[in-house]
Amino acid sequence: MTTRSITRPAMSVRGTAAAVVGGTAAALMLFTAAPAGADTPVAEPDSFTSAFTAMATPDQVLNGEGVATPGQPGAMGTFTLRINSDLDIVCYDIALDGVTGDYMSPAKTATHLHQAAAGAAGPPRLAFPNPTPIGDGPRTSSGCMQGPFTTGLTPAGASADSGTGFTLDQIEANPAGFAADTHTVDFSAGAVRGQLTQIPVGSVATGGGGAALAAASDSASSSAAPVVGAVALGAMAIAGATLVARRSGTARS
């Protein structure tokens, strides 16, 4: 199968932290902005050790203090990550639908993977390029990046960026302990959020954020099938076009 070329959207974040209001403002004061060193963009590796997806919805959003803070009504998103933990490379396909307005975050981007279990807040560990185009329609972001990772945020009392020391094998060890989200001016706590769920590596089709579709058909008999099926439906609504499959890697034995 032919490998699709990777195009990384611009890593811009519009708006400022001054737009944050309410409890989220207090939570964001726990972080200070760090120099925005870009994580290294790389080509897709020949194989992956694991793959994960998240169905992000507004009802799962929490503010930085762990308080339920509903996101944008009607919005949804899919985040699919393919990981080669030996090389510390993550390839991502993200799609957002129903998310409107500019992005806003004190981090270097507004689209993150947080180390946070369901119902809990936690620091960002990965900062992805924000899905584009900004507007009222679907937004997508796809590419690959390699550690060491940075987020542009330094927790209060810490001397290092919240991505410092983070490696992708931590996701493999506890995927349920990570949540993906994106932040906007109107929904600074998050427009949508979703917990990671592991999916088979060899069945992941990618492009336009619809990476869970093929995985769903191959994993219908597994215990994760209901979750993956829900993600697939979301991806179908978001992508709205034929998916282009990238070359699939094989799982590490």
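Values in this document were obtained by computation on a predicted structure and should not be read as measured data.

Examining the pairing of strand 3 (residues 50-56)
For strand 3, the tally of buried residues reaches seven of seven residues, placing the bulk of the element in the interior. The side-chain alternation of strand 3 yields two buried faces, one formed by Ser 50, Phe 52, Ala 54 and Ala 56 and the other by Ala 51, Thr 53 and Met 55. When strand 3 meets strand 4 (residues 76-84), the two strands line up antiparallel, connected through seven bridges. Residue pairing in the sheet places Phe 52 in a bridge with Leu 81 of strand 4. Bridging between strand 3 and strand 12 (residues 197-199) involves three bridges; their strand directions are antiparallel. Along strand 12, the bridge assignment pairs Phe 52 with Gln 198.

A word on the nonpolar core
Judged by nonpolar contacts, the single largest core of 27 residues is most densely connected at Val 90, Leu 113, Leu 126, Phe 128, Leu 168, Ile 171 and Leu 196. Take this core: its biggest share by element is four residues, from strand 5 (residues 89-97). Those residues in contact with Leu 113 that lie beyond four places of it in its chain are Leu 81, Pro 123, Pro 124, Arg 125, Leu 126, Phe 128, Ile 171, Phe 178, Ala 179, Ala 180 and Leu 196.

Remarks on the pattern of salt bridges
For the coordinates displayed, the defined rule picks out one salt bridge. The residue Glu 44 makes a salt bridge to Arg 82 at a minimum N-O spacing of 3.3 Å. Pair noted here: Glu 44 is in the loop between strand 2 (40-41) and strand 3 and Arg 82 is in strand 4, with a separation of 38 residues, a long-range link. The exposure class of Arg 82 is buried, given its relative accessible area of 3%.

Notes on the environment of Ile 89
Relative to the helices and strands, Ile 89 resides in strand 5. For the pair Ile 89 and Thr 40, spaced 49 residues apart in sequence, the C-alpha to C-alpha distance is 9.3 Å. If sequence neighbours within four positions are ignored, Ile 89 has contacts with Val 42, Pro 45, Arg 82, Ile 83, Asn 84, Cys 144, Met 145, Gln 146 and Leu 168.

A look at unusual backbone geometry
The omega torsion across Thr 132 and Pro 133 is 0°, close enough to zero to call that bond cis. By the element assignment, Pro 133 lies in the loop between strand 7 (124-128) and strand 8 (139-146). Here the amide bond leading from Gly 147 into Pro 148 is cis, since omega sits at 10°, within 30 degrees of zero. Topologically, Pro 148 is positioned in the loop between strand 8 and strand 9 (153-155). In this structure, Asp 88 is a non-glycine residue whose phi angle is positive, near 60°. Checked against the element boundaries, Asp 88 lands in the loop between strand 4 and strand 5.

A word on the pairing of strand 8
Strand 8 sits mainly inside the fold: six of its eight residues count as buried. Both strand 2 and strand 8 contribute to a ladder of two bridges, which runs antiparallel. If you follow Thr 40 over to strand 8, its bridge partner there is Gln 146. Relative to strand 8, strand 5 runs antiparallel, the two being bridged by eight bridges. Each residue of the ladder has a partner; that of Cys 91, found in strand 8, is Cys 144.

Here we look at the side chain of Gln 72
Assignment of secondary structure puts Gln 72 in the loop between strand 3 and strand 4. Note on Gln 72: relative accessible area 9%, which makes it buried. If near-sequence neighbours (up to four positions away) are discounted, Gln 72 is found in contact with Pro 58, Gly 98, Val 99, Thr 100, Phe 187 and Ala 191.

Examining the sheet that holds strand 7
Each strand in a sheet pairs with another by means of backbone hydrogen bonds, the pair being arranged parallel or else antiparallel. One open sheet accounts for four strands, arranged 7-6-10-11; its pairing is antiparallel. Looking at the sheet topology across the chains shown, the edges are occupied by strand 7 and strand 11 (192-195). Between one strand and the next, the sheet's axes are offset by a mean angle of 20°, whatever the strand orientation. The sheet contact formed by strand 6 (residues 111-115) and strand 10 (residues 178-182) spans five bridges and is antiparallel. Each bridged residue has a counterpart across the sheet, and for Leu 113 the counterpart in strand 10 is Ala 180.

Regarding the confidence of the model for the protein
Fine structural detail should not be taken from predicted coordinates in areas where pLDDT scores are low. For the protein, mean pLDDT is 76; residues scoring 70 or higher make up 65% of the total. Confidence over residues 1-38 falls short of pLDDT 50; this stretch has 96 contacts with residues more than four positions distant or in other chains. Across residues 208-253, where pLDDT falls below 50, the model places 104 contacts with residues more than four positions away in sequence or in other chains.

About the criteria used
- Residues numbered from 1 in each chain as written.
- Predicted model: local features only at pLDDT ≥ 70, side-chain atom pairs only at ≥ 80, totals over all residues.
- Heavy atoms only, no water.
- Buried < 20%, exposed > 50% of the residue type's maximum accessible area, 1.4 Å probe, protein only.
- Helix = DSSP H or I, 4+ residues; strand = E, 2+ residues; numbered from the N terminus.
- Pairing = 2+ DSSP bridges.
- Core = buried A, V, L, I, M, F, W, Y, C linked by side-chain atoms within 4.5 Å.
- Contact = heavy atoms within 4.5 Å.
- Salt bridge = Lys/Arg side-chain N within 4 Å of Asp/Glu carboxyl O.
- Axes fitted to C-alpha atoms, helices over the stretch in contact; angles between N-to-C directions.
- pLDDT = per-residue confidence, 0-100.

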